[in-house]
Amino acid sequence: MWDDKTRETFARQGYVVIPDVLDQDQLDELNKVYDQHIVEQKDLQARANTENRIRFSVRGRESQETTDRYGNTYWGRRLWSKAYRDLIDNETMHPILEEVLGDPAWGHAPAHLPKELRPQFRLDHDNVHYKPGRKQTDGDDPGGTLHGNPTAWHITCVYELKNVGPGEGGFGCVVGTHKPENEQKLLDIGDDWKSNWVNTEWTSQLSNWDKDVPVHRVEAKAGDCILFTEKLKHGTIPWSGTGERRTLFYKYVPYGMHHGDVAYDTNDPELTRRQKSILEFSPNWFNEPREDKDYSGNPALTQLHPDVRIESDTSVLMPGMSAPRIRLSDETKAKLLNGAG
Ligand SMILES: O=C(O)CCC(=O)C(=O)O
């Protein structure tokens, strides 16, 4: 499943579909809980009739605050059920995540991440996308804009709970744009390529789109996992399937690199030890908090690892890849430059 051919596909495209990751029993449970907690909720039913995508998080279903051993505050309580918790460390995806987030050659982990910490990746956040089946009478669906950046450091497991057939929409991307050389081809298009990237009933692609960087509309069966790097330009293609879109996104980061600002409740007694370790904040970090967020509830997010560096060494990278951007304040950079860190 994750052999050299799959690695090569992932390295070239920036995404790969790993087939049959979930069996029918897992799908049945995930869909059953989805039915109970999501689709039957009246407010969501109402919103399902609008043109907007429905997005929410597995973590945020109920809220309750708890505190971990480092004094961080966690928000949210349950990951719905065993099947949802088991996706945190899915047996097929776990070794793949460990490699892609642990080996700096892929450009997610900083090159200076000590070897013993490399296996310790983390689930940073998650999303759920839902779309009801489309009817002739339904109005416009604008889809989403392209985003992603070659210097990103997180990767996503996209679990499809229902089939996504040819041309139905859902996950789309511009193949190869996780590499700066290909990203440049998009930047050279000029105009608003972020919004005008795909031809559908409701949207259209710019006429001067560079054919070297084609858009892929990714099809998948229920139970498949689309693995993509957030370095890749990707977005939501308007949904035109007659059936529902039910997609789960589990977004992971290397040890000591955070993307979001909230965390999971690791005091949940139903989590396994391995799941807890994948959810728990690291005690120290290789990047610093975002300036636009309040981290007072999460003091450990500000503790830097002694080996922090301003930049990741690019000599370790696979051909064409970018190193992760190390987010540090100007003050920290100045200290590191002066040899104080
Ligand atoms: O599959 C989709 O709808 C796109 C998802 C997306 O844009 C994201 O996860 O950042």
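This is a predicted model, so every value here is computed, not measured.

(A) Seen up close, the site of the ligand. The full set of residues close to the ligand is N127, H129, G144, T156, G170, F171, H234, G235, T236, T247 and F249. Listed by contribution, the elements that provide at least two residues to the shell around the ligand are β5 (122-131), β7 (170-174), β10 (234-237) and β11 (245-253). Here the element with the most residues in the shell around the ligand is β10; it accounts for 3 residues. Classifying every residue of the shell around the ligand by side-chain character gives 2 nonpolar, 9 polar and no charged.

(B) Summary view of the environment of D307. Within the secondary structure layout, D307 lies in the loop between α7 (273-279) and α8 (330-337). In contact with D307, not counting residues within four places along its chain, are H112 and P114.

(C) Just the nonpolar core, in detail. Of all hydrophobic cores here, the largest spans 68 residues; its most connected members are Y15, Y159, C225, I226, L227, F228 and Y252. Of the residues forming this core, the biggest block, 5 residues, is contributed by helix α5 (residues 93-102). Excluding anything up to four places from it in sequence, F228 contacts G14, Y15, I155, T156, V158, C173 and H234.

(D) Molecular detail of the sheet that holds β10. The 3 strands are arranged β8-β7-β10 in an open sheet whose pairing can be described as antiparallel. In this open sheet, the two strands that pair with only one neighbour each are β8 (215-217) and β10. Taking the axes of each pair of neighbouring strands and ignoring which way they run, one obtains an average angle of 30 degrees across the sheet. Bridge analysis of β7 against β10 gives 4 bridges, and the strand direction is antiparallel.

(E) The arrangement of the confidence of the model for the chain in detail. In the predicted model, the chain carries a mean pLDDT of 87, and 86% of its residues have values of at least 70. Across residues 42-54 the pLDDT falls below 50, and counting only partners more than four positions away or on other chains, this stretch makes 16 contacts in the model.

(F) Structural detail: α5. Taken together, the buried positions of α5 are M93, I96, L97, V100, L101 and G102. Where α5 is buried, its residues touch β6 (155-160), β9 (225-229) and β11.

Conventions used here
Residues numbered from 1 in each chain as written. Predicted model: local features only at pLDDT ≥ 70, side-chain atom pairs only at ≥ 80, totals over all residues. Near = placed C-beta within 6 Å. Helix = DSSP H or I, 4+ residues; strand = E, 2+ residues; numbered from the N terminus. Nonpolar A, V, L, I, M, F, W, Y, C, P; charged D, E, K, R; others polar. Contact = placed C-beta atoms within 7 Å. Core = buried A, V, L, I, M, F, W, Y, C linked by C-beta atoms within 7 Å. Buried ≥ 20, exposed ≤ 12 C-beta atoms within 10 Å, placed from the backbone. Pairing = 2+ DSSP bridges. Axes fitted to C-alpha atoms, helices over the stretch in contact; angles between N-to-C directions. pLDDT = per-residue confidence, 0-100.

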